[in-house]
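Secondary and tertiary structure notes
Residue strings, one per chain:
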Amino acid sequence: MASLALTRRRFNPVSRLSLHKCRSTFSRSGQAGEDRTPKQKLHIPSGFEVDLSHPTYVIWGSNTGVGKTLVSTGLAASLLNASQNLLYVKPVQTGFPQDSDSRYVSHKVKDILKQRKPSNNVHISHQVLKASPRAWELLPGSKGFGEVASYERAIQGMRNVCDYEGQTVQGLYKGLADLKLVCKTIYGWYEAVSPHLAAAGEKCSVDDCEVVENLQNSLREFNVDENNTNRWSIIETAGGVASPGPSGTLQCDLYRPFRLPSILVGDGRLGGISGTISAYETLCIRGYDICAVILADTGLSNEKCLSTYLHDRVPVFVLPKIPDDTNNTLLEWFSESYKVFSEIKDTLQTSYFKRIYRLHEMPMKARQILWWPFTQHSLVTEQSISLIDSRFGENFGVYKGKNHKDVKESIVQQFDACASWWTQGPSAILQTELAREVGYTTGRFGHVMYPENVYEPALHCAELLLEGVGKGWATRVFLSDNGSTAIEISLKMAFRKFAFDHGFLPEHFNEDLRKICPQFKVEIGTISYTTCAFFIEMTMEEFSEESYTGRGLFLDPPTVFLHNEEWQLHLPDALMYSDLKYPGLVIHASGGMHMIDPLFQRDLVKECRKRRIPVIFDEVFTGFWRLGAESAAEILGCAPDIACYAKLLTGGIVPLAATLATESIFEAFEGKSKLFALLHGHSYSGHAIGCAAAIKAIQWFKDAEMNLNICTDGSRLQELWDSKLVAKISALSSVKRVIALGTICALELQADESNTGYGSLLASSLVQKLRDDGVYMRPLGNVIYLMCGPATPPAMCSTLLQKLHKRLDEC
């Protein structure tokens, strides 16, 4: 093998990926300067984590005016009576300061405790952090207290507020530890309307990221004292489950990064059953755990219907009827409700302990009963297992605690830099969209028989595939369930077409085919086709011939990579050419993330065409924007006869695969006998749910309104990886080669010959450090890679590169 450095032309294959440059300024209409920001903005601040060292619950309402604040108050009084400290947070408040739920909770709990006589001293405080100018001027102590100069009113943006009040309720017994109730409002607007209307009307908008970050900070401040385990946190939302937040993002989406266990306050009034069930389903489809449903008795017995619907999955609690008299102090009502709130508190505490216990036991049980693919279990310790609690867009919520070095138990966010085995691409918004489509299709179709039937998801999915990745060459779509199945199907198609074109097929299938046709030998389970190339290239030297042998002809292709800030061409000895041009590259992924010379691939296609050999493009990994284009055929500049797609086809949400073919491939299977047909299929062929997810993903990735990475002509993604950072990484002494294309940035670590290949553990410590940095990676031996989605912001890609460079520089 020889290595040829292309130093004269400073060749950069990435920058020449497409014939059209992506514009630096994007707009909906293609005109510079127009806003292309999605209507919803869901982000996770860096260093985001959720503390699990004590119970934290979110209180949702099935609608506005169902009594969320009364539930917060009663639960707070019950917790303090049980010697628990409590933080109550109202992130978003409108109608402020005349209406303040946090102030109500602090004052009403004080009155309840005075009546009930607590055992401990209880310090009760109330604080407001930020308010709109119009709300701020009405707060005591503000300038003018209701009469603010016009220039002050004209200043836009939220004001920092120093509104604090505190008092102590004396306990019955001396010597007991003092308790505290901390009540906070984070944002307050004057108008008593939906938060997005108040924010717009008072010209005080707040980004989603800022709301999430300030809520997280409030929770952190309360948790500073790690020795105090007797504490709870309650977060009360505004309005209903799907009421908009300040930016217009629905609150069920706005608070999704936390994925905190939830309490749903239902509606006991006429029509409340429907509203409560709708709210419940809205939370479930976003992955929330609902631990209790609470509603006030109105005499309609709504709780009976709700309990039946929920099938005892969630306990339903009924509070006494709330007095209609607005002058009623409700102290008597809270006294009547005391037993119910005590039961709610016990139920929530039990739910919390069950969750923590399950999190503690899962790594141990996983090692005992799971058999992971591509894993040597003797090398896996209980401490090294990643316990994934949930996923939000491109991030895992990973549990850290008892089995880790972390002092406190928490859920921390890690960027899924391996795209969950190369399947994932959804943002947080698309994840919810896909969940909705899957839910709808499950309800409408479930799974239905495919042969000789047609239904909308399958037909629409096929139409989009032919209009997209198959445009200009494919006429038929064969839907299956996974990538290796799609490859098996493609091989059957190719062998039949070859036999058809070369006269090997009889006119009738009543003859002995074994005597007439050549014997095509195919290994069943064609994952081994990619695997054997994978093993031959990377680890074959580690296996004996008896344990594994290659089953095919595998070529040694020329590859391109970046080393020491220069792009280099790596040629086999037999292919030493000097004047080559490369408009784009295709990745050999599982073989170690190699960029294969496209000229080499085009020449293979040309030679196959001369010999009437069908050409298959395996795009299971490369298809749907993984390489920066919807199809690798666009990059290579030539079309196949057959192509296979999976992984990003559905956004990674459910399995589905598609094998596309030309009409001439299809015609090779036509005949008078069924035995001439393509006799291949699986139980989940044409899976309606997978097709529905594919429809949404295909359309969403190409939607310039949602995916800001699409160039204005819609043909390419903008370059996501900072070329300067990539070059800087390639110059590190620990790095042998780097590639960056589309959503992939991969590198091979320098290693001795004895420590290379898939079996190498060289990258293990580096990968663990990056996981500690919030970047989840899984190596291919001494090859590591970062993989994002088609809609990942370039700024996030730069952050990932910076973390990678820092850790590599330490090596």
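Rules used in this analysis
- Residues numbered from 1 in each chain as written.
- Predicted model: local features only at pLDDT ≥ 70, side-chain atom pairs only at ≥ 80, totals over all residues.
- Heavy atoms only, no water.
- UniProt positions renumbered as here; feature names shortened; annotations may be inferred.
- Helix = DSSP H or I, 4+ residues; strand = E, 2+ residues; numbered from the N terminus.
- Buried < 20%, exposed > 50% of the residue type's maximum accessible area, 1.4 Å probe, protein only.
- Contact = heavy atoms within 4.5 Å.
- Pairing = 2+ DSSP bridges.
- Axes fitted to C-alpha atoms, helices over the stretch in contact; angles between N-to-C directions.
- Salt bridge = Lys/Arg side-chain N within 4 Å of Asp/Glu carboxyl O.
- Expected span 1.5 Å × (residues − 1).
- Core = buried A, V, L, I, M, F, W, Y, C linked by side-chain atoms within 4.5 Å.
- Parallel < 35°, antiparallel > 145°, perpendicular 65-115°, else oblique.
- Nonpolar A, V, L, I, M, F, W, Y, C, P; charged D, E, K, R; others polar.
- Left-handed = near helix turned anticlockwise from the far one by under 90°.
- Patch = residues over 30% accessible without salt bridge, like charges linked within 9 Å, V, L, I, M, F, W, Y side chains within 5 Å.
- Areas by Shrake-Rupley, 256 points an atom, 1.4 Å probe, with all protein chains shown as cover.
- Polar contact = N/O pair within 3.5 Å; in protein donor to acceptor, adjacent residues only side chain to side chain.
- Phe/Tyr/Trp six-rings, centres within 6.5 Å; stacked < 30°, edge-to-face > 60°.

In the Subcellular location (unreviewed entry) part of its UniProt record, the chain is described as follows: "Mitochondrion".

If you tally the helices and strands in the chain, you get 23 helices and 26 strands. The buried share of the chain, taken over its 811 residues, is 53%. Counting contacts in the chain only where the partners sit at least 6 residues apart, residues at least 24 apart contribute 73% of the total.

The next subject is the sheet that holds strand β3 (residues 56–61). Sheets are built from strands paired through backbone hydrogen bonds, the pairs being either parallel or antiparallel. Strand order in the open sheet made by the 9 strands is β6-β5-β7-β4-β8-β3-β9-β10-β11, with mixed pairing throughout. Of all the strands in the sheet, just β6 (159–169) and β11 (316–319) have a single pairing partner and so form its edges. Sheet twist, expressed as the mean angle between neighbouring strand axes with direction ignored, is 20°. Relative to β11, strand β10 (residues 290–296) is paired through 4 bridges, and the arrangement is parallel.

Here we take up the pattern of salt bridges. Pairing between side chains of opposite charge can happen when the charged atoms of each approach one another. Counted according to the given criterion, the structure contains 27 salt bridges. Put simply, Glu607 and Arg611 hold a salt bridge, and the shortest N to O gap is 2.7 Å. Classification of Glu607 by relative accessible area gives partly exposed; the value is 33%. In this structure, Arg807 engages Glu810 in a salt bridge whose closest nitrogen and oxygen atoms are separated by 3.1 Å. One end of the pair, Arg807, and the other, Glu810, are both in helix α23 (residues 794–810), 3 residues apart, so they sit about a helical turn from each other. For Arg807, a relative accessible area of 16% translates into the label buried. What emerges from the salt-bridge pattern is a single network uniting Arg259, Asp289, Arg355 and Asp389.

Under the 1.5 Å per step criterion, the end-to-end length of helix α14 (residues 483–501) is 27 Å for 19 residues, consistent within 8% with the ideal 27 Å. In the segment just after α14, Gly503 is the residue with positive phi, at about 75°.

What is expected of a backbone is that most residues other than glycine have negative phi and most peptide bonds are trans. Cis geometry marks the peptide bond from Phe96 to Pro97, where omega comes out at 5°. Checked against the element boundaries, Pro97 lands in the loop between β4 (85–93) and α2 (101–116). The phi angle at Trp422 is positive, at roughly 75°, despite the residue not being glycine. Relative to the helices and strands, Trp422 resides in helix α11 (residues 419–422). Residue Trp422 is classed as buried on the basis of its relative accessible area, which comes to 11%. Here Trp625, not a glycine, exhibits a phi torsion of approximately 75°, which is positive. Counting through the fold element by element, Trp625 comes out in the loop between β20 (616–619) and α18 (632–636). Its relative accessible area of 2% is what places Trp625 among the buried residues.

Another point: the nonpolar core. By size, the foremost hydrophobic cluster in this structure holds 101 residues, and its most contacted members are Leu465, Met593, Trp721 and Leu786. In terms of residue count, the dominant contributor to this core is helix α20 (residues 688–701) (10 residues). With residues up to four places along the chain from it excluded, the contact list for Trp721 reads Val726, Ala740, Gly742, Thr743, Ile744, Cys745, Leu786, Cys788, Cys797 and Leu801. In terms of nonpolar packing, the next biggest core, distinct from the first, is built from 90 residues, Leu70, Val105, Leu254 and Leu330 among them.

Turning next to the pairing of strand β22 (residues 657–661). Counted residue by residue, β22 has 5 buried out of 5 residues, so it is predominantly covered. Residues Ala657, Thr659 and Ala661 of β22 are buried on one face, and the alternating residues Ala658 and Leu660, pointing to the opposite face, are buried as well. Two elements, strand β15 (residues 476–480) and β22, share 5 bridges in a ladder whose sense is antiparallel. Paired with Ser480 across the strands is Ala657, a residue of β22.

Positionally, Val265 belongs in strand β9 (residues 262–265). Each C-alpha atom, one on Val265 and one on Ile59, is 7.1 Å from the other, the two residues being 206 residues apart in sequence. Setting aside residues no more than four positions away along its own chain, Val265 makes contact with Ile59, Trp60, Gly61, Ser62, Val66, Gly67, Lys68, Val71 and Ile294.

This part covers the packing of helix α1 (residues 68–81) against helix α10 (residues 331–369). Closest axis-to-axis distance for the α1/α10 pair is 8 Å, and the angle between their directions is 75°. Accordingly, the angle class assigned to the pair α1 and α10 is roughly perpendicular. Facing Leu70, Val71, Thr73, Gly74, Leu75, Ser78, Leu79 and Asn81 of α1, the residues of α10 in contact are Trp333, Phe334, Tyr338, Phe341, Ser342, Ile344, Lys345 and Leu348. For the contact of α1 with α10, the per-class residue count stands at 10 nonpolar, 5 polar and 1 charged.

Glancing now at the packing of helix α8 (residues 272–284) against helix α9 (residues 302–310). Packing of α8 against α9 leaves a shortest axis separation of 10 Å and a crossing angle of 35°. Between α8 and α9 lies a crossing of right-handed hand. Taken together, the residues of α9 that come into contact with α8 (itself represented by Gly272, Ile273, Thr276, Ile277, Tyr280 and Glu281) are Asn302, Cys305, Leu306, Tyr309 and Leu310. In terms of residue class, the contact of α8 with α9 is made up of 7 nonpolar, 3 polar and 1 charged.

With mixed pairing, 4 strands are arranged side by side in an open sheet as β15-β22-β21-β20. The open sheet is flanked by β15 and β20, the only strands paired with a single partner. If you compare each strand with its neighbour and ignore which way they point, the axes differ by 15° on average. Bridge analysis of strand β21 (residues 642–645) against β22 gives 4 bridges, and the strand direction is antiparallel. Among the inter-strand pairings, Cys644 is bridged to a residue of β22, identified as Thr659. Along the sheet, helix α13 (residues 456–467) makes contact with β15 and β22, crossing β15 at roughly 125°.

Take helix α6 (residues 208–222) next. Its 15 residues place the ends of α6 22 Å apart at the C-alpha level, agreeing with the 21 Å of an ideal helix rising 1.5 Å per residue. Every buried residue belonging to α6 is among Asp208, Val211, Val212, Asn214, Leu215, Gln216, Ser218, Leu219 and Phe222, and all of these are buried.

Attention shifts here to a nonpolar patch on the surface. Taken together, the side chains of Leu172, Tyr173 and Leu176 define a hydrophobic patch exposed on the protein surface, amounting to about 310 Å² of accessible area. Structurally, the position occupied by Leu172 is in the loop between β6 and β7 (179–188).

Once that is clear, we can look at the environment of Phe374. Turning to its location among the elements, Phe374 is positioned in the loop between α10 and β12 (387–392). Setting aside its immediate chain neighbours within four residues, Phe374 contacts Trp421, Tyr758 and Arg778.

As for its position among the elements, Glu236 is in strand β8 (residues 231–236). Within the structure, Glu236 has its side chain in polar contact with the side chain of Tyr88 (distance 2.7 Å). Here the side chain of Glu236 touches Lys90 through a polar contact of 3.2 Å, side chain to side chain. In contact with Glu236, not counting residues within four places along its chain, are Ile59, Lys68, Thr69, Ser72, Tyr88, Val89, Lys90, Pro91 and Asp101.

This next bit is on the packing of aromatic side chains. Taken as a whole, this structure holds 18 aromatic pairs when the rule is applied. With centroids separated by 6.0 Å and ring planes inclined at 25°, the aromatic side chains of Tyr187 and Trp189 adopt a geometry described as stacked. For Tyr187, a relative accessible area of 0% puts it in the buried group. Judged by its relative accessible area of 0%, Trp189 falls in the buried class. Where Phe396 meets Tyr776, the ring centres are 5.3 Å apart and the plane angle is 80°; that geometry is what we call edge-to-face. Here Phe396, found in strand β13 (residues 395–400), pairs with Tyr776, found in strand β25 (residues 775–776); they are 380 residues apart in sequence, far enough to count as distant. No difference in accessibility class separates Phe396 from Tyr776, as the two residues are buried.

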